[in-house]
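Each chain, written out:
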Amino acid sequence: MGKLTGTRHGDAANDLLAFYNDKVHEVEESGQYFMAAITLALALETAVLTYLVVEFGEDNGGELEIPDSVNMSE
């Protein structure tokens, strides 16, 4: 099981959000509005995950553990 933490992975999450921001502007300027919407959705998912990683610290029951894969059979 993988484990993302705010202290070890916060900078990577910020870099990923900056990447998505740049890509949104790039595909929007080229007229690919559907791909811009998809990229915004991925950026939103990253923002929510980053919030959860940072929010669940020692004060809220320990750091959040995110598994490598999640499927309905597990």
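Quick caveat: nothing in here was measured; it's all calculated off a predicted structure.

A.B. asks: Whenever I open this one, the overall build of the protein chain confuses me. Can you help?
C.D. replies: Helix and strand content of the protein chain: two helices and zero strands. For the protein chain, with 74 residues in total, the buried portion stands at 19%. Across the protein chain, contacts joining residues at least 24 apart in sequence account for 58% of those joining residues at least 6 apart. Within the structure as shown, the protein chain displays about 5700 Å² of accessible surface, and the carbon and sulfur contribution to it stands at 58%.

A.B. asks: Any chance you could explain the side chain of Thr 39 here in plain terms?
C.D. replies: When you line up the elements, Thr 39 lands in helix 2 (residues 33-55). Setting aside residues up to four positions removed in sequence, Thr 39 forms contacts with Tyr 20, Lys 23 and Val 24.

A.B. asks: Before we go on, may I ask you to explain the packing of aromatic side chains in this structure?
C.D. replies: Two descriptors summarise a pair of aromatic rings, namely the distance from one centre to the other and the angle between the planes of the rings. Evaluation of the coordinates by the stated rule reveals one aromatic pair. A ring pair is formed by Phe 19 and Tyr 20, whose centres lie 5.7 Å apart and whose planes are at 55°; its orientation type is tilted. Its relative accessible area of 42% is what places Phe 19 among the partly exposed residues.

A.B. asks: Explain the pattern of salt bridges to me, please; I cannot follow it from the model alone.
C.D. replies: When charged atoms on two side chains of opposite charge get close, those side chains can pair. According to the stated counting rule, one finds one salt bridge in the structure shown. Note that Lys 23 and Glu 26 form a salt bridge whose closest N and O atoms lie 3.4 Å from each other. One end of the pair is Lys 23 and the other is Glu 26, both in helix 1 (residues 6-29) and three residues apart, which spans about a single turn.

A.B. asks: Would you mind showing me how to read the environment of Leu 17 here?
C.D. replies: Residue position: Leu 17 is located in helix 1. For the pair Leu 17 and Leu 44, spaced 27 residues apart in sequence, the C-alpha separation works out to 8.7 Å. Sequence-distant contacts of Leu 17, that is, excluding residues within four places in its chain, are made with Ala 43, Thr 46 and Ala 47.

A.B. asks: Before we go on, may I ask you to explain the environment of His 25 in this structure?
C.D. replies: Counting through the fold element by element, His 25 comes out in helix 1. Judged by relative accessible area, His 25 falls into the partly exposed class, the value being 41%. Along the chain, His 25 and Thr 39 lie 14 residues apart, while their C-alpha atoms are 9.7 Å from each other.

Here is what the cut-offs are and how they apply
- Residues numbered from 1 in each chain as written.
- Predicted model: local features only at pLDDT ≥ 70, side-chain atom pairs only at ≥ 80, totals over all residues.
- Heavy atoms only, no water.
- Helix = DSSP H or I, 4+ residues; strand = E, 2+ residues; numbered from the N terminus.
- Buried < 20%, exposed > 50% of the residue type's maximum accessible area, 1.4 Å probe, protein only.
- Contact = heavy atoms within 4.5 Å.
- Areas by Shrake-Rupley, 256 points an atom, 1.4 Å probe, with all protein chains shown as cover.
- Phe/Tyr/Trp six-rings, centres within 6.5 Å; stacked < 30°, edge-to-face > 60°.
- Salt bridge = Lys/Arg side-chain N within 4 Å of Asp/Glu carboxyl O.

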